[in-house]
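If you want the building blocks of each chain, they are given just below.
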Amino acid sequence: MNGRKTYMTGKAMICSLGDSLKEIVDAVRSKRIRLAQLSFDLAGLPYTKPYYLIQRNEGDKLANRSEQYFYDILYSTVSSAIADAGLNGAEIRDMDVFFGSTSMDIPVFEGNHHRMMSTVSGMFLQSSYGYGKIAVAIMDRFGIGGSCYSFATACTSSANALLYASAMIESRRTKRALVVGYDLFSNLGFYGFEALKSIAAEEYRPFDKNRDGLILGEACGAIVLEGGPRKSGDFVHLGGANLCDTFSVTSHDVEGSIVAETMNRALKQARLGTGDICAVKAHATGTESNDSTETAAMRRVFGNGIPPVTCVKPFVGHTAGACGVIEQILFTESVKGGFIPSTPGFREVDEQLNLQPVAENMEAGVGNFMLNYFGFGGNCTTLIISNKASMG
Amino acid sequence: MSEIFIHSASAFIGTANEDINQLKKELIRYTPDNFRRVNRFILLTLLGARQCVHEQYLDPYTAVYLTTEHGNLGETAQVLDEIYLAHALPKPFGFINTMSNTAAFYLAQNLGIRGRNITVSSQHLSFERGMELVRTDFADGAEKSALIGGVDEASLPQEFTEEQIGHGWRRIDGSGWLYIKAEKDGAVGTIKAIMSFQDSASCLMWIRERAPVDVVSFGALIDDYEAAKLRKALLPAAEFDYLSEYGYSGSSTACGVSLFIRLFQGKILLHINKDWRGHYAVIEVERY
């Protein structure tokens, strides 16, 4: 018997591939990618870098964005996830909110400053109502009556939100949880990663010999978790773990020992062995150090029997703190659609890594899956999910 | 509830806008490590937590739960100025340190611990919600020892804090910490209850069963009228008005509870707090 059982009964997301799950999964299936080129005008730099921008209509254009836009994207996503789960009014009220983000409401201050007589930092210092503000706004808007928790652990933020939402449902501290991962474009993030020289020049190529970094993306995703399934095929959270690799604030130990230990702890909590995992959704940022560490860690855990590895960032970009929720939805919806996604951009095996991620869509059935997430500040989170239980 | 024992507690109360070098000097009392690329928020985290576990042996898998209302305000504002006013790319470490969990990272690195590392926030109830996460992990058996703290800078302008909170409390840099374990041996106190209520009536009903209590303390949003009503229900022998005595920061609750452990031997505290939505959270703490 497995450990935890928390069901993913509702989900929705808006990202560069669109705002309908069908449209998004179709794009993943056929390797359709939409990349924008953005400039560094504010810093006067004479070049552009790629970015996975939401581009559905005129309103999505960066110049047209405002505080209203920020909350429209958020509320629209949450509303769709609640509808997907089929929650009634009483069930919505009886829910907790777990929110994860890296940029929090920085995009609001950046978007507003042209309209206000203030600097961005001035607005930030004078108007910041704290990291908890966005979760409270969700609760007010939808009449959610429970508690809210906003996670700020860099790129593992919404993965940790999922970890705790699942744990609190399992321990019967809460009946159901709305887990939101949200990171909208911000100059702070775009210029910041450029300052770190982490942004790839043209193409996302995780684990490839010629990988040259990450490409950021923006997205909002929401998942409803509950103690029981609503539909056949609902994915189950079986367990997870979080540890801190204190090697460096920017990168994990290339030997991968703490990352591997996180995976092992997650497996233990899910009461599964390495042989029970059908596929791994890698964090796969496409940076030299992340991919080396992650490969070393998988080798420590799985030996020479590493299951098929998929990397979904090339479809939507590195969505920072939102990636926990976004990549879980992308992965589970693809599996429901019968396939484990390919890794676009991967062409040549790196001899140092000797790892070949799934190059073409692979048939997917019923099984257990490992999802890995890492972040600045040494944060390591692994989640184990399954579609076995709800498929009978 | 599975038992959570307090093994030590400490609060660092700093003057608003204190020179960072002064904070670094203070930190040398607790660790020989030299911190170069750190900011006020990180230093406050290190100061409060190092003070709390000074000369204690820590299990390598000790977890860190950092709770905060605003996170790293000061350096985030600086990085925004680098982009929008200086028209430059930000300094790499400045950008990385805008992510507030780096404070919990530097603490774990300095202490040589690699357990769970979580930074969490919840408007006006950040410390209480952090304690709920701890309770889940301890009940689960996932964690057996942890540091939980609340850290906030006093970088918000006084008038803004007044508008939100009122009362004229002195603004402070606050960093309050508890070192907690599932093991009772050597403990100085215990967390007896962590309760959450969606309205004042259900909160009042629960706390009436606790009366009379030794000591009561109130969070920042409990106004005078409500405090009087709660006093009447609780009949406390004493009140610990830590906000008037020590000042306000976003993490006042963490400081208040930590200070109680240091100041009130042999007493039980009921700390009552609320958020803007009228949700209440109560922590019951016993100091042996």
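Residues numbered from 1 in each chain as written. Chains lettered and ligands numbered in written order. Predicted model: local features only at pLDDT ≥ 70, side-chain atom pairs only at ≥ 80, totals over all residues.

Colleague: Just give me the short version of the overall build of chain B, but keep the residues and values in it.
Modeller: Helix and strand counts for chain B come out as 11 helices and 10 strands. Dimensions of chain B, computed from C-alpha atoms along their principal axes, come out at roughly 60 × 45 × 30 Å. Expressed as a percentage of the 288 residues in chain B, the buried residues total 56%. If you take every contact in chain B between residues at least 6 apart in sequence, the share linking residues at least 24 apart comes to 76%. (Helix = DSSP H or I, 4+ residues; strand = E, 2+ residues; numbered from the N terminus. Buried ≥ 20, exposed ≤ 12 C-beta atoms within 10 Å, placed from the backbone. Contact = placed C-beta atoms within 7 Å.)

Colleague: Before we move on, can you summarise the nonpolar core with the specific residues and values?
Modeller: The biggest cluster of nonpolar side chains holds 217 residues, and the ones touching the most others in it are Val97, Ala165, Leu178, Val179, Val180 and Ile326 of chain A together with Tyr65 of chain B. In terms of residue count, helix α7 (residues 157-170) of chain A provides more of this core than any other element does, 9 residues in total. Leu178 of chain A has contacts with Val78, Ala81, Met95, Val97, Ile144, Ala222 and Val224 of chain A, leaving out every residue within four places of it along the chain. (Core = buried A, V, L, I, M, F, W, Y, C linked by C-beta atoms within 7 Å.)

Colleague: Now, about the pairing of strand β5 (residues 148-151) of chain A: what can you tell me, with residues and values included?
Modeller: Side-chain direction in a regular strand flips from residue to residue, so the side chains alternate between the two faces of the sheet. Of the two faces of β5 of chain A, the one carrying Cys148 and Ser150 of chain A and the one carrying Tyr149 and Phe151 of chain A are both buried. With 4 bridges connecting them, strand β4 (residues 96-100) of chain A and β5 of chain A associate as parallel partners. Pairing of Gly100 of chain A across the sheet is with Phe151 of chain A, part of β5 of chain A. By the bridge criterion, 2 bridges tie β5 of chain A to strand β3 (residues 117-121) of chain B in an arrangement that is antiparallel. Bridging across to β3 of chain B, Ser150 of chain A finds its partner in Ser121 of chain B. (Pairing = 2+ DSSP bridges.)

Colleague: Can you explain the domain arrangement of chain B? Please cite residues and give values.
Modeller: All names here are of chain B. By domain assignment, chain B separates into domain 1 (4-181) and domain 2 (191-287). Placing the centre of domain 1 and that of domain 2 at their C-alpha centroids yields a distance of 23 Å. Elements with a contribution of two residues or more to the side of domain 1 that touches domain 2: β1 (4-15), α6 (126-140), β4 (145-152) and β5 (172-181). Looking at side-chain class alone, the side of domain 1 that touches domain 2 contains 15 nonpolar, 12 polar and 8 charged residues. (Domains from an automatic or database assignment. Nonpolar A, V, L, I, M, F, W, Y, C, P; charged D, E, K, R; others polar.)

Colleague: Mind laying out the interface of chain B and chain A, listing which residues take part and the relevant values?
Modeller: Of the residues lining the interface, 54 residues belong to chain B; the matching set on chain A comes to 51 residues. Of all elements in the fold, only α3 (73-84), α4 (92-96), α5 (101-111), β3 and α6 of chain B reach the threshold of two or more residues within the side of chain B that touches chain A. Ranked by residue count, the leading element in the side of chain B that touches chain A is α3 of chain B, at 8 residues. Tallied by class, the residues present in the side of chain B that touches chain A amount to 24 nonpolar, 22 polar and 8 charged.

Colleague: Let's hear about the domain arrangement of chain A: which residues, and what values?
Modeller: Residues and elements named next belong to chain A. Domain annotation of chain A identifies domain 1 (6-226) and domain 2 (239-391). The interface is formed by 59 residues belonging to domain 1 together with 53 residues belonging to domain 2. Counting residues per element, the ones that place at least two in the side of domain 1 that touches domain 2 are β1 (6-14), α1 (21-29), α7, β6 (176-183) and β7 (219-226). It is α7 that provides the largest number of residues to the side of domain 1 that touches domain 2, a total of 8 residues. Within the side of domain 1 that touches domain 2, the residues separate by chemical class into 31 nonpolar, 18 polar and 10 charged.

Colleague: Mind laying out helix α10 (residues 288-302) of chain A, listing which residues take part and the relevant values?
Modeller: Residue and element names in this part refer to chain A. Taking 1.5 Å as the rise per residue, α10 with 15 residues should run 21 Å; its terminal C-alpha atoms sit 21 Å apart, in good agreement. Within α10, the full set of buried residues consists of Asn290, Asp291, Ser292, Thr293, Glu294, Thr295, Ala296, Ala297, Met298 and Val301. For α10, the secondary structure elements touched by its buried residues are α9 (257-269), β9 (277-281) and β13 (368-375). Positive phi shows up at Gly303, right after α10, with a value of about 65 degrees. (Expected span 1.5 Å × (residues − 1).)

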